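A structural walkthrough
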Amino acid sequence: MPEPASRRSREGGSRLPGDLPALVARFAAACHDAGLPVGPDRAERLARAVVTVAPRTTQRLRHCALATLVSDPAQIPVFDQVFAAVFGGLVDAAESRGDPNAPPLAGAPPATVAPRAGEAGGAGVLQAEPGPAAAGAGTAVPVPGVASAAERLAGRDFDELSAEELLALAAAMRRFRVATPPRRSRRTRTAPHGRRTDLRSTLRTARRTAGDPVEMIRLAPRRRPRRLVVLCDISGSMEPHARALLQLLYCAGGGAGAEVFTFATRLTRLTPALAHGTPADVLHRATRLAPDWSGGTRIGEALKRFLDSYGARGMARGAVVLIISDGWETGDPALLGEQMARLSRLAHRIVWANPRTRQPGYRPLVGGMAAAWPHCDAVVSAHRLAAIDDLLAALADPVPQRTARTTVR
Amino acid sequence: MTAVPPGGTGPPGGSDVPDVDALRAALDGVGYLADDALATALFLALRMGQPLLLEGEPGVGKTRAATALAEALGTTLLRLQCYEGLTAGEALYEWNYPRQLLSIRLAESRGVELGDADLFTEDYLLARPLLAAITHPGPGPAVLLIDEIDRADDEFEAFLFEMLAESAVTIPELGTRRAVVPPVAVLTSNRTRDLHDALKRRCLYHWIGYPDPRRVEEIIRRRVPGAADWLAARVADAVQRFRGLDLLKPPGVAEAISWTTALHVLGVTELDVPAAERTLGAVLKYAEDSDAARAAGLATLISRA
Ligand SMILES: Nc1ncnc2c1ncn2[C@@H]1O[C@H](COP(=O)(O)OP(=O)(O)O)[C@@H](O)[C@H]1O
Ligand SMILES: [Mg+2]
């Protein structure tokens, strides 16, 4: 019978004070300061949401703010820190879902919230934790000498670079563009020799001939870039190269849409993870997920796994597939050969980036690389920044060049 | 396109939900358990006339949230399933060409010539979900579900963005159709790719995480009403443990429901290793995942909490 009371209890959490509008405005501003994309439009939306819902508890208020200020699950930890800082005195321990290591709640000014890693621009996005560069101001400041440093580093092999030096290459990597050859899309444009008919236009013309469609208006498919699928070996010897090439993919224009998998003895799909974290985080997670890399690399098995789970279901069809591996196969090379043959029937192009091919005259005589080689359209070294152009050219080449395909009579 | 006429289950004039608690109760009434955050987001979408973007891994109840909302409000559901290559013709409207051709022939037999004004009229227009949502006559707003928007391509996203921003669509031959009762738009995404910032800025947002085991247990009870209470609890706990393994496809709510259904249909009286083995395919979708579960020890995974 006491209806309002039962509602209050369902809402849960502690009661809110009267000066809510002022607090809400302060909260939106604090979210902005903490690096969340909260502009005046979102602040206004939160204000309207609070009027609409009339929350009586901090928990319901948090839910109004979540729906209006946040647009990505990765923002929630920062959001919760700011929420605790602004409404801290009001939050019960039980309902605070933030980071247990969040700053002390009551009265703490929102300015104590660290800026997001990545806000500092430059190499910041690649760091798991805000380093010295990111810890200072939240704006990008051009650092003198970056270009020359990058030039110097461009000529060194990835496996000679320290983690810091690799990060210093980020700016240079942003200048690259990853592009794949076009494929036909389901969308269309008018074309005189197109295979499909544009009914709408044909009908319009047909009216002039009393309904006989004499002149067919043809449609041809539009062209879109092909999907890029990257399979990256993260076993011990490959780790520095894997790190560098994933960083390249993350920084370069056009690389963001790629499907990325890592493997050593098992296959891990990074694509959803890459949308959340920086390559450094993601690679760290991937290595943690696959702690068994000292056991060697099973490229054939990983490839089979990829084809069974994703590739054959459409991901590899018509795609450009980039395999990053030194080709040290601890499994059966015959399996790798079989799986490469399978992949080559699906994919538009297979490019293999193998740092061992940096040695002039390298020829795969036995083992994994020998089995895989005939199915590749291109093998590149991609072992340093100065070698990346070859890799990009190989990915963009529209003409398949498989030896397995061309030598079979 | 699926148009579900107002069902008899929803409360009459159901769009008149006074507050978040009432909406939560109404969703509960149609078998959907929403937590307070989701209910608040849905309520805001309803009241503020802003689209709601629901994201989460597959099977956490995004699609069902929208269909349940329509049911709870007793209103029309218009559903657009997205896929790569989806075109405006499939989403918005199409002209009824056979009918137009027929009219041209009929007119010709009477010695009359038809012009644009005769052929491109309301009579020949086939409304697809987006146009149907815009022209929905009310009294309450329709629920427009744009499902798995991450599967459509960017061009469609841009087009959708404009339509949502304007609550209007323009048909070149007929002019602009403005919504009488703007729809409650619910967009879902499995996050296979990021959506455009512009679209995200336009939307309210809610991330649906995998619910805790007690809520999963409750959901199972609702969805498999015949199953024993102990079974729902045991399945929820076991699924939670499966999710702790590093699997290719961690089981979600949908898998918990189908596993319970399988166990229930087989009439198991105890969730032991043989029973789990017989039904493992209902909860783990890959042979590799089943192997991983066996390696971790099925007996422990399914043991009582
Ligand atoms: N909170 C919930 N209450 C009731 N049923 C739910 C809930 N969450 C998920 N389900 C059920 O789980 C299954 C999967 O949900 P669905 O909406 O298809 O997931 P998604 O669209 O996120 O992939 C459906 O059978 C749905 O009814
Ligand atoms: Mg769905």
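Residues numbered from 1 in each chain as written. Chains lettered and ligands numbered in written order. Predicted model: local features only at pLDDT ≥ 70, side-chain atom pairs only at ≥ 80, totals over all residues.

**Side note on the overall build of chain B**
Spelled out, the test is: In this description a helix means any DSSP run of H or I spanning at least four residues, a strand means any run of E spanning at least two, and both kinds are numbered starting from the N terminus. Around each residue's C-beta, the other C-beta atoms within 10 Å are counted; 20 or more make the residue buried, 12 or fewer make it exposed, and counts in between make it partly exposed. All C-beta atoms are placed from the backbone. Here contacts are defined at the residue level, using C-beta atoms placed from the backbone and a cut-off of 7 Å between them.
For chain B, the helix and strand inventory stands at 15 helices and 10 strands. Every one of the 305 residues in chain B was classed for burial, and the buried ones make up 42%. In chain B, of all internal contacts separated by at least 6 residues, the share reaching a separation of at least 24 is 76%.

**A closer look at the overall build of chain A**
Tallying secondary structure elements over chain A gives 18 helices and 9 strands in all. The burial tally for chain A puts 41% of its 409 residues in the buried class. Pairs at least 24 apart in sequence give 71% of the contacts found in chain A among residues at least 6 apart.

**What to know about the site of ligand 1**
All names here are of chain B. Rule in force here: By definition, a residue lies near a molecule or strand when the C-beta atom built from its backbone is within 6 Å of it. Under the grouping applied here, Gly and all other residues not named as nonpolar or charged are polar, the nonpolar ones being Ala, Val, Leu, Ile, Met, Phe, Trp, Tyr, Cys and Pro and the charged ones Asp, Glu, Lys and Arg.
Taken together, 18 residues lie around ligand 1, and Gly61, Lys62, Thr63, Arg64 and Ala254 are the ones closest in. Elements supplying a minimum of two residues to the shell around ligand 1: α3 (62-73), α10 (213-223) and α12 (253-265). For the shell around ligand 1, the class distribution of residues is 8 nonpolar, 6 polar and 4 charged.

**Observations concerning the pairing of strand β3 (residues 77-81) of chain B**
All names here are of chain B. The cut-off we apply is this: Strands were regarded as paired on the criterion that DSSP finds at least two bridges between them.
Buried residues dominate β3, accounting for 4 of its 5 residues. In this structure, β3 lies alongside strand β6 (residues 143-147), joined through 5 bridges in parallel fashion. Within β6, the residue paired with Leu78 across the bridge is Leu144.

**As for the packing of α10(B) against α12(B)**
Residues and elements named next belong to chain B. Where we set the bar: Fitted lines through C-alpha atoms serve as axes, helices being fitted only where they are in contact, and the angles separating the N-to-C directions of these axes extend from 0 to 180 degrees. Any angle from 65 to 115 degrees is called roughly perpendicular, while one under 35 is roughly parallel, one over 145 is roughly antiparallel, and all others are oblique. For a crossing to be left-handed, the near helix must be turned anticlockwise from the far one by less than a right angle; the clockwise case is right-handed.
One way to put it is that α10 packs onto α12 with a least axis distance of 10 Å and a crossing angle of 50 degrees. Taken together, the axis directions place α10 and α12 in an arrangement best described as oblique. Seen along the crossing, α10 lies across α12 with a hand that is right-handed. Side by side, α10 and α12 meet where Val216, Ile219, Ile220 and Arg223 of the first sit next to Val253, Ala256, Ile257 and Thr260 of the second. In terms of residue class, the contact of α10 with α12 is built from 6 nonpolar, 1 polar and 1 charged.

**Regarding the sheet that holds strand β6 (residues 267-269) of chain A**
As a general point, the strands of a sheet are linked pairwise by backbone hydrogen bonds and lie either parallel or antiparallel. Residue and element names in this part refer to chain A. The mixed open sheet is built from 6 strands, whose spatial order is β6-β5-β4-β7-β8-β9. Strands with a single pairing partner mark the edges of an open sheet, and in this sheet they are β6 and β9 (378-380). For this sheet, the mean angle separating the axes of adjacent strands, direction not counted, is 20 degrees. In this sheet, strand β5 (residues 259-263) lies alongside strand β4 (residues 228-233) in parallel orientation, the contact comprising 5 bridges. When the bridges of β5 are listed, Cys232 appears paired with Thr262. Against the sheet, helix α14 (residues 299-309) touches β4, β5 and β6, its axis set at about 45 degrees to β6. Each of β4, β7 (320-324), β8 (349-353) and β9 touches helix α17 (residues 388-396); the most contacted strand, β9, lies at about 165 degrees to it.

**Quick look at unusual backbone geometry**
Residue and element names in this part refer to chain A. Unlike most non-glycine residues, Ala54 shows phi in positive territory, near 50 degrees. Taking the C-beta count within 10 Å as the criterion, Ala54 has 13 such neighbours and is therefore assigned partly exposed. With a phi angle near 45 degrees, Ala382 is a residue other than glycine that sits in the positive phi range. If you trace the backbone, Ala382 turns up in the loop between β9 and α17. Under the C-beta neighbour-count criterion, Ala382 is labelled buried, with 27 such atoms within 10 Å.

**Structural notes on the confidence of the model for chain A**
Residue and element names in this part refer to chain A. Defined as follows: Each residue carries a pLDDT score, the predictor's confidence in it, ranging from 0 to 100.
On average, residues of chain A score 72 in pLDDT, and 63% of them reach the 70 mark or higher. The model gives residues 91-147 a pLDDT under 50, and that stretch makes 102 contacts with residues more than four places away or in other chains. Segment residues 405-409: pLDDT under 50, and 1 contact once partners within four positions in sequence are set aside and those in other chains are kept.

**Concerning helix α3 (residues 40-53) of chain A**
Residue and element names in this part refer to chain A. What counts here: One less than the residue count of a helix, multiplied by 1.5 Å, gives the span that helix is expected to have. Note that the arc is computed from the directions linking the helix axis to the C-beta atoms.
The end-to-end C-alpha distance of α3, which contains 14 residues, comes to 20 Å, matching closely the 20 Å that a straight helix rising 1.5 Å per residue would cover. Inspection of α3 places Arg42, Arg45, Leu46, Ala49, Val50 and Val53 among the buried residues, and these make up the whole buried set. Relative to the axis of α3, the buried residues are bounded by an arc of 140 degrees and lie together on one face. Relative to its buried face, α3 has exposed residues pointing more than 90 degrees away, namely Pro40 and Asp41. Positioned one or two residues after α3, Ala54 has a phi angle of 50 degrees, which is positive.

**Examining the confidence of the model for chain B**
All names here are of chain B. Per-residue confidence for chain B gives a mean pLDDT of 88, with 95% of residues at or over 70. Note that pLDDT drops below 50 for residues 1-14; the model gives that stretch 33 contacts with residues more than four away or on any other chain. Two summary scores accompany this predicted model of the complex, namely pTM at 0.60 and ipTM at 0.87.

**Focus: the nonpolar core**
Applied cut-off: Here, a nonpolar core means buried Ala, Val, Leu, Ile, Met, Phe, Trp, Tyr and Cys residues linked by C-beta atoms lying within 7 Å of one another.
Judged by nonpolar contacts, the single largest core of 115 residues is most densely connected at Cys31(A), Val82(A), Leu42(B), Leu69(B), Val143(B) and Val186(B). Residues within four places of Val143(B) in sequence aside, it is in contact with Ala66(B), Leu69(B), Ala70(B), Leu73(B), Thr75(B), Leu77(B), Pro183(B), Val184(B) and Val186(B). Residues Leu166(A), Met173(A), Ala319(A) and Val320(A) belong to the second largest nonpolar core, which totals 63 residues.

**Notes on the pairing of strand β2 (residues 52-55) of chain B**
Residue and element names in this part refer to chain B. Taking every second residue as pointing to the same face, both faces of β2 are buried, with Leu52 and Leu54 on one and Leu53 and Glu55 on the other. For β2 and strand β9 (residues 184-189), the ladder comprises 4 bridges, and the chain directions are parallel. Its bridge partner being in β9, Glu55 is matched across the sheet by Ser189.

**Structural notes on the packing of α3(A) against helix α4 (residues 58-69) of chain A**
Residue and element names in this part refer to chain A. For the pair α3 and α4, the least separation of the axes is 9 Å and the interaxial angle reads 140 degrees. Here α3 runs over α4; the crossing is right-handed. Contact residues: α3 offers Arg42, Arg45, Leu46, Ala49, Val50 and Val53, while α4 offers Arg60, Leu61, Cys64, Ala65, Ala67, Thr68 and Leu69. Of the residues assigned to the contact of α3 with α4, the class counts are 9 nonpolar, 1 polar and 3 charged.

**So, the environment of Ser381(A)**
Checked against the element boundaries, Ser381(A) lands in the loop between β9 and α17. Apart from residues no more than four positions distant in its own chain, Ser381(A) is found in contact with Asn354(A), Pro355(A), Thr357(A), Arg358(A) and Ala387(A).

**Re the environment of Asp233(A)**
When you line up the elements, Asp233(A) lands in strand β4. Through-space distance from the C-alpha of Asp233(A) to that of Ile324(A) is 5.8 Å; in sequence the pair is 91 residues apart.

**Some words on the environment of Asp150(B)**
Relative to the helices and strands, Asp150(B) is located in the loop between β6 and α8 (154-166). The spatial distance from the C-alpha of Asp150(B) to the C-alpha of Arg191(B) is 6.3 Å, given a sequence separation of 41 residues.

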